[in-house]
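# Remarks on the overall topology
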Amino acid sequence: MARPELSIIIPAYNEAGALGPVLEAIRAQPLPVHELIVVDDGSTDDTGEVAAAYGARVVRHPYNIGNGAAVKSGLRAARGTYVLLMDGDGQHPPSAIPTLLTSRTDYHMVVAARVLASEASWLRLLANRFYSWFASYVAQYRVQDLTSGFRLMRRRDALRFVDMLPNTFSYPTTLTLAFLRSGLAVQYVTVEFGRRTGTSKIHLWEDGTRFLLIISRVATLFAPFRVFLPVSMAFFVTGLGYYAYTFLTAHRFTNMAALLLSTSVVIFMLGLVSEQIAQLRMDRINSAPVAAEDEQS
């Protein structure tokens, strides 16, 4: 069978009600030779059957592992030169796929960035803006929408980082920072997202806290010194200020000032070591051989 140019990967969990119209709208788009892959992440409804009825190749998980795990299964099953990740709940408009495809040869990854009107609530808007600002600081590149799962990339590039992706909803964060810190070109295209069908599976406080921990972990994984340095400086400035205060008021150098200054030095040195380890890891990933099947056109 001829290899498709594009693999469209849709992770789905109990999306039987929304998946049909999404797949029908995808089939109506002027796309290159492509395949549809729906990863049924342990759904308890007819998600898999609906996907198969629309001609999609269904990859099934025996139980619900997570959105990120479904994406990883889809990437490993894909055969296309390019892979497009999108949700099956109706938020990601299939009409935007041709727009993303126009930049596929100029950029390593093209991401659909939500307009303000697409945000479900002001709390989620603030959270996404904070996450995007933090990622922009870490990557030293303006990240417009860190959490958008609607993105296009070469499959061979995605497979370089597939084992680093979490099993949860935070895989876009890892992909974005991995691409940017590897020197791969990323483009953002503004797209107005739709309203999802059904109830969101993301819980703002529970998943938001977990996501903050994950983005902190990912940040220290790819650019640890960008995280360690501000913390070290905060301890150093606090220790210096405390020493100045005690020197002026009591004319002595206290144990607390010594502890704060020593802590700043320790954190600084940990940042240096972590930065070297991160660089060695990225060098190993970038120099890894590409499988022969991924070199075929």
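A quick note: this is a predicted structure, and the numbers were derived from the prediction, not measured. (Residues numbered from 1 in each chain as written. Predicted model: local features only at pLDDT ≥ 70, side-chain atom pairs only at ≥ 80, totals over all residues. Heavy atoms only, no water.)

### Notes on the pairing of strand E3 (residues 57-61)
For clarity, the cut-off: Should DSSP find at least two bridges between two strands, the strands are taken to pair. Strands here mean DSSP runs of E at least two residues long; helices mean DSSP runs of H or I at least four residues long; both are numbered from the N terminus. For the handedness criterion, the strands are oriented away from the viewer, and a crossover whose path from the first strand over the helix to the second runs clockwise is classed as right-handed.
With 5 bridges joining them, strand E2 (residues 34-41) and E3 adopt parallel strand pairing. Across the sheet, the residue bridging to Val38 is Val58, located in E3. Following the chain from E2 across helix H2 (residues 47-53) to the adjacent parallel E3, one finds a crossover that is right-handed.

### Some remarks on a nonpolar patch on the surface
The condition is simple: Patch membership requires more than 30% relative accessible area and the absence of a salt bridge. Residues of like charge join within 9 Å; the nonpolar side chains Val, Leu, Ile, Met, Phe, Trp and Tyr join within 5 Å. Note on areas: Shrake-Rupley, 1.4 Å probe, and residue coverage restricted to the protein chains presented here. What makes a salt bridge here is a side-chain nitrogen of Lys or Arg within 4 Å of a carboxyl oxygen of Asp or Glu, nothing more. Partly exposed residues are those whose accessible area sits between 20% and 50% of the maximum for their type, while under 20% is buried and over 50% is exposed, using a 1.4 Å probe and protein chains only.
Together, Leu229, Met233, Phe236, Val237, Leu240, Val265, Phe268, Met269 and Leu272 make up an exposed nonpolar region whose accessible area comes to about 740 Å². Counting only elements with at least two residues in the nonpolar patch, the list comes to helix H9 (224-250) and helix H10 (255-286). The dominant element in the nonpolar patch, judged by the number of residues it contributes, is H9, at 5 residues. With respect to the secondary-structure elements, Phe236 resides in helix H9. Accessibility expressed as a relative area gives 36% for Phe236, which makes it partly exposed.

### Observations concerning helix H7 (residues 171-181)
Extensive coverage of H7 is indicated by the burial of 10 of its 11 residues. If you check which residues of H7 are buried, you get Tyr171, Pro172, Thr173, Thr174, Leu175, Thr176, Leu177, Ala178, Phe179 and Leu180.

### Describing the nonpolar core
Note the threshold: Grouping buried Ala, Val, Leu, Ile, Met, Phe, Trp, Tyr and Cys residues that are joined through side-chain atoms within 4.5 Å yields what is termed a nonpolar core. Should any heavy atoms of two residues lie within 4.5 Å, those residues are considered in contact.
Counting 44 residues, the largest nonpolar core has Leu75, Leu85, Met153, Phe179 and Phe222 as its most contacted members. Of all elements in the fold, only E2, helix H3 (67-77), strand E4 (82-85), strand E5 (109-114), helix H5 (122-139), H7, strand E7 (186-191) and helix H8 (204-222) reach the threshold of two or more residues within this core. Aside from chain neighbours lying at most four places away, what touches Met153 is Tyr82, Val83, Leu85, His108, Met109, Ala158, Leu175 and Phe179.

### Quick look at the environment of Met282
Tracing the backbone shows Met282 in helix H10. Residue Met282 is classed as buried on the basis of its relative accessible area of 6%. Excluding its chain neighbours within four sequence positions, the residues that come into contact with Met282 are Phe161, Ala178, Ser182 and Phe222.

### Here we look at the sheet that holds E7
To be explicit about the condition: Every angle, taken between N-to-C directions, lies between 0 and 180 degrees, and every axis is a line fitted to C-alpha atoms, over only the stretch in contact when it is a helix.
Taken together, the 7 strands give an open sheet; going across it, the order is E3-E2-E1-E4-E6-E5-E7, and neighbouring strands pair in mixed fashion. Sheet topology places E3 and E7 at the edges, where each strand pairs with a single neighbour. Put simply, the sheet's adjacent strands are angled 20 degrees from each other on average, direction ignored. Both E5 and strand E6 (residues 151-154) contribute to a ladder of 3 bridges, which runs antiparallel. When the bridges of E6 are listed, Val111 appears paired with Arg151. With respect to the sheet, H7 is in contact with E4, E5, E6 and E7, its orientation differing from that of E6 by roughly 45 degrees.

### Overview of the pairing of E4
Burial of the side chains of E4 extends over both faces: Tyr82 and Leu84 are buried on one face and Val83 and Leu85 on the other. Pairing geometry for strand E1 (residues 6-12) and E4, over 4 bridges, is parallel. Along E4, the bridge assignment pairs Ile8 with Leu84. Relative to E6, E4 runs antiparallel, the two sharing 4 bridges. Looking at the pairing, Leu85 lines up with Arg151 of E6.

### A word on unusual backbone geometry
Its identity as a non-glycine residue notwithstanding, Asn14 has a phi of 55 degrees, on the positive side. In this structure Asn14 comes out as partly exposed when scored by relative accessible area, which is 26%. Of note in this structure, His251 is not a glycine but carries a positive phi near 55 degrees. Tracing the sequence through the fold places His251 in the loop between H9 and H10. Using a relative accessible area of 62% as the deciding quantity, one classes His251 as exposed.

### Some remarks on the pattern of salt bridges
What the rule picks out here adds up to 9 salt bridges. Measuring nitrogen to oxygen at the nearest pair gives 3.6 Å for the salt bridge that ties Glu35 to Arg79. With Glu35 in strand E2 and Arg79 in the loop between H3 and E4, the pair connects residues that are 44 residues apart, well separated along the chain. Classification of Glu35 by relative accessible area gives buried; the value is 9%. Since its relative accessible area comes to 30%, Arg79 is described here as partly exposed. A salt bridge links Arg60 to Asp40; the shortest N-O distance between them is 3.3 Å. Of this pair, Arg60 sits in strand E3 while Asp40 sits in strand E2; the two residues are 20 residues apart in sequence, bridging distant segments of the chain. Taking the relative accessible area as the measure of exposure, Arg60 reaches 47% and is therefore partly exposed.

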